[in-house]
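Listed here are the chains, written in short residue letters.
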Amino acid sequence: MKKMMKDIFQKVQKSTKTFIKRVREEHLIKEYCKNNILFLVFIFTCLVNSTMLRFFTMHTVENYLAFKPILADLAILIIFGSFGYLFKPKTRFSYYMVLEIFFTFICMVNSIYYTFYTSFASASMLSLTQFIAPVGDAVVENVLQLKDLLYLIGPLILIIVHLILKKKKYYRGVLTKQVRKQQTLKTLIAGSVLIVIFTITLSSLEIGRFAKQWNREYIVMRFGIYIYQFNDVFASLQPKINSMFGYDKAKKSFTDYFDGRVEETSNEYTNMFEGKNVIAIHAESLQTIALNREFNGVEVTPNLNRIAKEGMYFSNFYSQVSVGTSSDAELTYNTSLMPTQSGTAFVSYFDRRYIAMPNLLKEKGYYTFSMHANNADFWNRRTMHKSLGYDKFYSKETYKVSKDNSIGLGLSDKEFFKQSITKLKKIKEKHEKFYGLLITLTNHTPFSDVDKYDPFEVTIKESVPNAEGVAEEVVYPYMEGTKLGNYFKSVHYADAALGEFLAELDETGLLDNTVFVLYGDHDARLPKKDYQRLFNYDKETDGLLDEDDPNYFDFDSYQYELNRKVPFIIWTKDKKYEKEVTNVMGMYDVLPTLGNMLGVKNEYALGHDIFNINENNIIVFPNGNWLTNKIYYNSQKGEYLSLDGDAISQDYIDEKNQYSEELLNISDNIIVFDLLNESKYEGNKEGS
Ligand code: GP9
Ligand code: MN
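Residues numbered from 1 in each chain as written. Chains lettered and ligands numbered in written order. Predicted model: local features only at pLDDT ≥ 70, side-chain atom pairs only at ≥ 80, totals over all residues. Heavy atoms only, no water.

### Describing the layout of surface pockets
Here is step 1: The calculated volume of the largest pocket comes to roughly 1,400 Å³.
Here is step 2: Lining of the largest pocket is provided by 47 residues; of these, Arg209, Asn215, Asn374, Phe378 and Leu409 occupy positions nearest its centre.
Here is step 3: At the level of secondary structure, the elements contributing two or more residues to the lining of the largest pocket comprise α12 (204-212), α13 (216-242), α16 (325-335), β8 (406-407) and β9 (410-411).
Here is step 4: Looking at the lining of the largest pocket residue by residue, the class counts come to 16 nonpolar, 19 polar and 12 charged.
Here is step 5: Built from parts of two domains, the lining of the largest pocket gets at least three residues from each of domain 1 (19-243) and domain 2 (275-447 + 483-618). (1 Å grid on protein atoms, 1.4 Å probe; cavity = no way out; pocket = protein on both sides within 12 Å on 5 of 7 lines; lining within 4 Å. Points joined across faces, edges and corners; volume = space filled by probe spheres on them. Helix = DSSP H or I, 4+ residues; strand = E, 2+ residues; numbered from the N terminus. Nonpolar A, V, L, I, M, F, W, Y, C, P; charged D, E, K, R; others polar. Domains from an automatic or database assignment.)

### With respect to the coordination of the manganese ion (ligand 2)
Here is step 1: Around the manganese ion (ligand 2), the protein supplies Glu284 (OE), Glu284 (OE), Ser326 (OG), Asp521 (OD) and His522 (NE2) as donor atoms, at distances of 2.0 to 2.6 Å.
Here is step 2: One way to put it: the 6 donor atoms around the manganese ion (ligand 2) meet at angles of 53 to 171°, and that makes the site irregular.
Here is step 3: Along the chain, the residues that donate to the manganese ion (ligand 2) are spaced as E-x41-S-x194-D-H. Here Ser326 is found in helix α16, whereas its partner His522 is found in the loop between β13 (514-520) and α22 (528-535), with 196 residues between them in sequence. The exposure classification of Ser326 matches that of His522, with both residues buried. (Donors = N, O, S within 2.8 Å, 3.2 Å for Na, K, Ca; no water. Tetrahedral: all angles 85-135°; square planar, octahedral: opposite > 155°, others 65-115°. Buried < 20%, exposed > 50% of the residue type's maximum accessible area, 1.4 Å probe, protein only.)

### Examining the pairing of strand β22 (residues 639-642)
Here is step 1: Bridge count for strand β21 (residues 631-634) against β22 is 4 bridges, and the pairing is antiparallel. Looking across to β22, one finds that Tyr633 is bridged to Tyr640.
Here is step 2: Hairpin connection from β21 to β22: 4 residues lie between these consecutive antiparallel strands, with Gly638 at a positive phi of about 70°. (Pairing = 2+ DSSP bridges.)

### Here we look at the sheet that holds β22
Paired through backbone hydrogen bonds, the strands of a sheet run either parallel or antiparallel to each other.
Here is step 1: Strand order in the open sheet formed by 4 strands is β19-β20-β21-β22, with antiparallel pairing between adjacent strands. On the outer flanks of this sheet lie β19 (618-620) and β22, each paired with one strand and no other. Direction aside, the axes of adjacent strands within the sheet are offset by 10° on average. (Axes fitted to C-alpha atoms, helices over the stretch in contact; angles between N-to-C directions.)

### Details of the packing of helix α15 (residues 302-310) against helix α21 (residues 483-507)
Here is step 1: In contact at an axis separation of 7 Å, α15 and α21 are set at 60° when each is read in the N-to-C sense. Viewed along their axes, α15 and α21 adopt a mutual orientation that is oblique. The segment α15 lies against α21, with Pro302, Asn303, Leu304, Arg306 and Ile307 engaging His492, Asp495, Ala496, Leu498, Gly499 and Leu502.
Here is step 2: Across the contact of α15 with α21, the residue classes tally to 6 nonpolar, 3 polar and 2 charged. (Parallel < 35°, antiparallel > 145°, perpendicular 65-115°, else oblique. Contact = heavy atoms within 4.5 Å.)

### Regarding the sheet that holds strand β4 (residues 312-314)
Here is step 1: Read from one edge to the other, the open sheet built from 8 strands follows the order β7-β6-β10-β1-β13-β16-β4-β17, with strand pairing classed as mixed. In this open sheet, the two edge strands, each paired with only one partner strand, are β7 (392-394) and β17 (579-581). With strand direction ignored, the average angle separating the axes of adjacent strands in the sheet is 15°.
Here is step 2: Lying on the sheet, helix α19 (residues 381-388) is in contact with β6 (367-371), β7 and β10 (434-439); it crosses β7 at an angle near 145°.

### Here we look at empty space enclosed by the protein
Here is step 1: Within the structure shown, the criterion is met by 3 cavities of 30 Å³ or more.
Here is step 2: Approximately 110 Å³ is the volume attributed to the largest cavity.
Here is step 3: Taken together, 14 residues form the lining of the largest cavity, with Ala283, Leu286, Asp413, Ala494 and Asp495 sitting closest to its centre.
Here is step 4: If you list the elements that add at least two residues to the lining of the largest cavity, you get β1 (277-283), α20 (413-430) and α21.
Here is step 5: Grouping the amino acids of the lining of the largest cavity by side-chain chemistry returns 9 nonpolar, 2 polar and 3 charged.

### Quick word on the site of ligand 1
Here is step 1: Taken together, Glu284, Thr325, Ser326, His372, Asn374, Phe378, Trp379, Arg381, Leu441, His444 and His522 make up the full set of residues adjacent to ligand 1.
Here is step 2: Here an oxygen atom of ligand 1 and a side-chain polar atom of Asn374 are 3.0 Å apart.
Here is step 3: Contact between ligand 1 and His522: an oxygen atom at 3.1 Å from a side-chain N or O atom of the residue.
Here is step 4: Here ligand 1 loses 95% of its free accessible area of 310 Å² to cover by the protein chains.
Here is step 5: The cavity that encloses ligand 1 is the largest pocket.
Here is step 6: In terms of residue class, the shell around ligand 1 is built from 3 nonpolar, 6 polar and 2 charged. (Near = heavy atom within 4 Å. Polar contact = N/O pair within 3.5 Å; in protein donor to acceptor, adjacent residues only side chain to side chain. Areas by Shrake-Rupley, 256 points an atom, 1.4 Å probe, with all protein chains shown as cover. Sits in = over half its atoms within 2 Å of the grid points.)

### Here's the deal with the nonpolar core
Soluble, globular proteins show a tendency: their nonpolar side chains are buried together.
Here is step 1: Core analysis: the biggest nonpolar cluster contains 75 residues, and Phe314, Phe317, Tyr333, Tyr354, Phe568, Ile570 and Leu594 have the highest contact counts within it.
Here is step 2: No other element matches the 8 residues that helix α26 (residues 650-672) contributes to this core.
Here is step 3: Non-local contacts of Leu594, meaning those with residues more than four positions away in its chain, are made with Tyr333, Met357, Val517 and Ile570.
Here is step 4: Membership of the second largest hydrophobic core comes to 58 residues, among which are Tyr367, Phe417, Ile421 and Leu502. (Core = buried A, V, L, I, M, F, W, Y, C linked by side-chain atoms within 4.5 Å.)

### Side note on the pairing of β13
Here is step 1: Counting buried positions over the 7 residues of β13 gives 7, a clear majority of the element.
Here is step 2: Burial along β13 is two-sided: Thr514, Phe516, Leu518 and Gly520 facing one way and Val515, Val517 and Tyr519 facing the other are all buried.
Here is step 3: Bridge count for β1 against β13 is 7 bridges, and the pairing is parallel. Looking at β13, one finds that Ala280 is bridged to Val517.
Here is step 4: Examined bridge by bridge, β13 and strand β16 (residues 568-572) share 5 bridges and lie antiparallel to one another. Its bridge partner being in β16, Phe516 is matched across the sheet by Trp571.

### With respect to a nonpolar patch on the surface
Here is step 1: Nonpolar side chains collect at one region of the surface, where Val233, Leu237, Ile241, Met244 and Phe245 lie side by side and expose about 510 Å² of accessible area between them.
Here is step 2: Along the chain, Val233 falls in helix α13.
Here is step 3: Accessibility expressed as a relative area gives 36% for Val233, which makes it partly exposed. (Patch = residues over 30% accessible without salt bridge, like charges linked within 9 Å, V, L, I, M, F, W, Y side chains within 5 Å. Salt bridge = Lys/Arg side-chain N within 4 Å of Asp/Glu carboxyl O.)

Written as structure tokens, this is what we have:
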């Protein structure tokens, strides 16, 4: 085997040497360039354009030196360019010119779009007049900038080169069809090889983000502008294709489902918060595991613990996100719908009709807004927040963000809240009642900006008598240096930021007549081994307890799933509820529950008011798993964990499985087929 490999290596080495020698002696490169001037000029100019676009848009050193997008752009251009060889030399120019205009157009549109939106253009936006309006206004106001016109130099060079070649009678040669086909094939192979090399260099994170297509800057930085744009067109068409077939069937199952549903309509909480302002916090990656937890007597989340104790605390609350993470949490929280089965609602189905908390409260005279100090196009919030009914989205553009006041992904929570207070004060002055959602950012994976968090130790400190019997402090590393440990440090910071925010709100009178709501958007995807360390730490060995140890806790995959729970809290300054709700509850139960308190109702909610359904609730997860007070059911494996140790009947499982499947189906149909738009929900529900 070794010998065989050696032989192959030697052969490859020899033929490479011969090839290089031939190239040098026969001046093949010079010869190739001479014979392919038009093709090379096309490739070069389009490559310069795409590189220039990245240069003018994302000003980071990392980006200037990025090799991947250049490789990707080059491969795409070679593949497209290769078909030019199918044409006779005389007509070849027209083909390259059309391509050149097309690729220049992509760069110019994105350059203009980026100036206004600090993001790249999407075909899905162009198909919607309601969303084009602001773009149109912006273009009129600012017109084109000089840098946007630079891209035209590419086509200009191609024309000039063509005219010179024509003058020099360059196109006179005749090439047989056979030769042209061969040239096409060879060039196509060269382009494909580059694509393969490019694909090999991709990480799973890059592939994942490419599939989701929402973090546009990230994709352009890795995949180049051309691949981004093709992928974008494909992603934009997908929802259209999905909704082309099966409308009647979807509509029927939707009607059957809601007509047959009998719901309790009121309870002791109905309208209790009617007319009150609402300040809601979308707490990034906040898991319940951080609450009521201490290290060396210091609470990880003193402020959250306090409001959880004083208010209504839903301690078995779960997020139901799919690949759309933050955006899926927002969707389900606001609409009581589940994430879509393919793509994400925020990116692919932003143009549907949604019955959402902001829409409903707007009808009641509320001013509705969202605040998030990140790029407005992340998760397509700029457009989707309009669909959900927010009057205004205060995004990064409205905050002062600098390197000094940033942690992790962007503006630190402390600074975000501080700057938001100023906005909130103005809102309160102008509007009689308001509803606002503030989306935090600091507590986002990878939790590595540890130096910037407030100091917090995740060790175990013990006082142990030494040989002389004098007490000495011994420090065990425990969770220090682990991702979960850093997570607790990050949450501790996020909690402190929240504490400062609450104090400021109180000082400025913003807590008066206001309901304060908080939900964790999803779990932090922390490693299982870190949980094992948290629950099974052996101080003596600084490792894990033995599995036979009586204190060993088997943190298996079910425990992992159960620990993905996030907090949901409803709190007011004036009234102490001191109520912990332990029944399982999902994000889709928020709109029915909180809506009931605020006096609004979505007839087509998929969740339930927890105070009506109580212990009979079921949380359906997007992958088909589900959770009740009795069991966690894994639908992929067809297995479950009994939570109270009782045996479960097959009928119970079958019934819940059927319910979950139907619910996921109905939810997907509502979004894909825009069923709420068709059903005119205002007048269509008599008798149910
Ligand atoms: C992006 C932020 C994080 O603006 O909300 O999104 P996530 O990565 O959690 O989906
Ligand atoms: Mn998130």
